[in-house]
There are 2 protein chains.
Amino acid sequence: MTSKAAPFDDLDRKIMAALIDNARASFAEIGAAVGLSSTAIKRRVDRLRENNVITGFTATVRPAALGWLTEAYVEVYCDSAAPPRRLAEVVRNHPEIAAAMTVTGGADALLHVRATDVEHFEEVLERIRTEPFIRKTISYMVLSHLLPDSPEAGASRPSTKGGAANRL
Amino acid sequence: MTSKAAPFDDLDRKIMAALIDNARASFAEIGAAVGLSSTAIKRRVDRLRENNVITGFTATVRPAALGWLTEAYVEVYCDSAAPPRRLAEVVRNHPEIAAAMTVTGGADALLHVRATDVEHFEEVLERIRTEPFIRKTISYMVLSHLLPDSPEAGASRPSTKGGAANRL
DNA sequence: AGTGAAAGAGTCTGATC
DNA sequence: GATCAGACTCTTTCACT
């Protein structure tokens, strides 16, 4: 499982840094950067993928370029009986939810929501509010990014199954 | 600038979906999926990159696998005179800040912070609190992810310059 | 804008140290 | 584990439509 000891070393770290920087870099390029042959790089990358250290490779796309101009964080307050499992189901019903997690503090969950515009966001919010367990939401609209190059400012959500087309 | 009309069509959307799903897919594979030759795919991808619709390709790495076990969202309250530009500088001083944005509501900014453990997080928080403009912070620790495969649950921050090694 | 061909890179497997 | 060698695939450019 995930219980095994350190599944990677400093060389692997350098390889991951190179792939985070450019997921389409060739193994030969990475090898030149870290001082290994392309074959050795491939084997290490394959192993990192098998161990689920690297979970995939994705393109970062500017949501604004795709017309997703509105973004917000939404605190969700649930009925006291709502378990995280039910919450996860609810979250999956709305493709506009880019990320969702349970958090400490008064709220039961924090959602990262993307919408094309304010009207669309309002529609999403109404849809979420009508879900069974949801009692209340508090929204914080994102005004501007202070780290414009982070993936969460720019990336669309990759899909484990079913394609990312629903958000493009 | 960004004022030009629709720089992409449905075919481009399908190509982007394919690349978001697997950034290392070959142009031939993508071509087979969307019904175009590999040459045509390459030209379209090159154009999407030039137009900054696609901003890059990155590996998604499970932070937990790298020992980044703690995560929180932090509301930041500033002295009234603090402009976003100064805030952005502050944010760049702390590599543990994975994302940062100005938001509506009482707080001036919302930070997404990753740390190796709670002690590390406390250290980061103290470091942020001693920055010039910062008056107060409120932290929401992330307990569990409801969408485990979203990039912001898994991705490390790609770097425009300087490499991602500081977070590995 | 898309296709097809051709040269140079890159990938990937198997053998070897 | 890493390297080397070979077959195969992909990338990239260019000429053509």
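Our structure is the block above this text.
Residues numbered from 1 in each chain as written. Chains lettered and ligands numbered in written order. Predicted model: local features only at pLDDT ≥ 70, side-chain atom pairs only at ≥ 80, totals over all residues. Heavy atoms only, no water.

Topic: the relation of the copies chain B and chain A
Once chain B has been moved 0.0 Å along the axis and rotated by 180°, it coincides with chain A to within an RMSD of 0.0 Å. Within this description, the copies of the chain are treated as partners about a two-fold rotation axis. Mapped onto chain A, 100% of the interface residues of chain B are again interface residues, and the two copies thus contact each other with one and the same surface. (Least-squares fit on C-alpha atoms with pLDDT ≥ 70 in both. Contact = heavy atoms within 4.5 Å.)

A look at the interface of chain B and chain A
Chain B puts 68 residues into the contact, and the matching count from chain A is 68 residues. It is Ile-20, Arg-24 and Leu-146 of chain B in chain B that bury the most area against chain A; as a group they hold 14% of the surface buried on that side. There are zero salt bridges connecting chain B and chain A. Where chain B packs against chain A, one counts 29 residue pairs in polar contact (both at pLDDT 80 or more). Elements supplying a minimum of two residues to the side of chain B that touches chain A: α1 (10-21), β1 (54-61), β2 (70-78), α4 (84-92), β3 (97-103), β4 (109-115), β5 (134-145) and α6 (151-154) of chain B. Looking at the side of chain B that touches chain A element by element, the count peaks at eight residues for β1 of chain B. Grouping the amino acids of the side of chain B that touches chain A by side-chain chemistry returns 40 nonpolar, 19 polar and nine charged. With three bridges joining them, strand β5 (residues 134-145) of chain A and β3 of chain B adopt antiparallel strand pairing. Looking at the pairing, His-145 of chain A lines up with Met-101 of chain B of β3 of chain B. (Buried area = accessible area lost by both parts, 1.4 Å probe. Salt bridge = Lys/Arg side-chain N within 4 Å of Asp/Glu carboxyl O. Polar contact = N/O pair within 3.5 Å; in protein donor to acceptor, adjacent residues only side chain to side chain. Helix = DSSP H or I, 4+ residues; strand = E, 2+ residues; numbered from the N terminus. Nonpolar A, V, L, I, M, F, W, Y, C, P; charged D, E, K, R; others polar. Pairing = 2+ DSSP bridges.)

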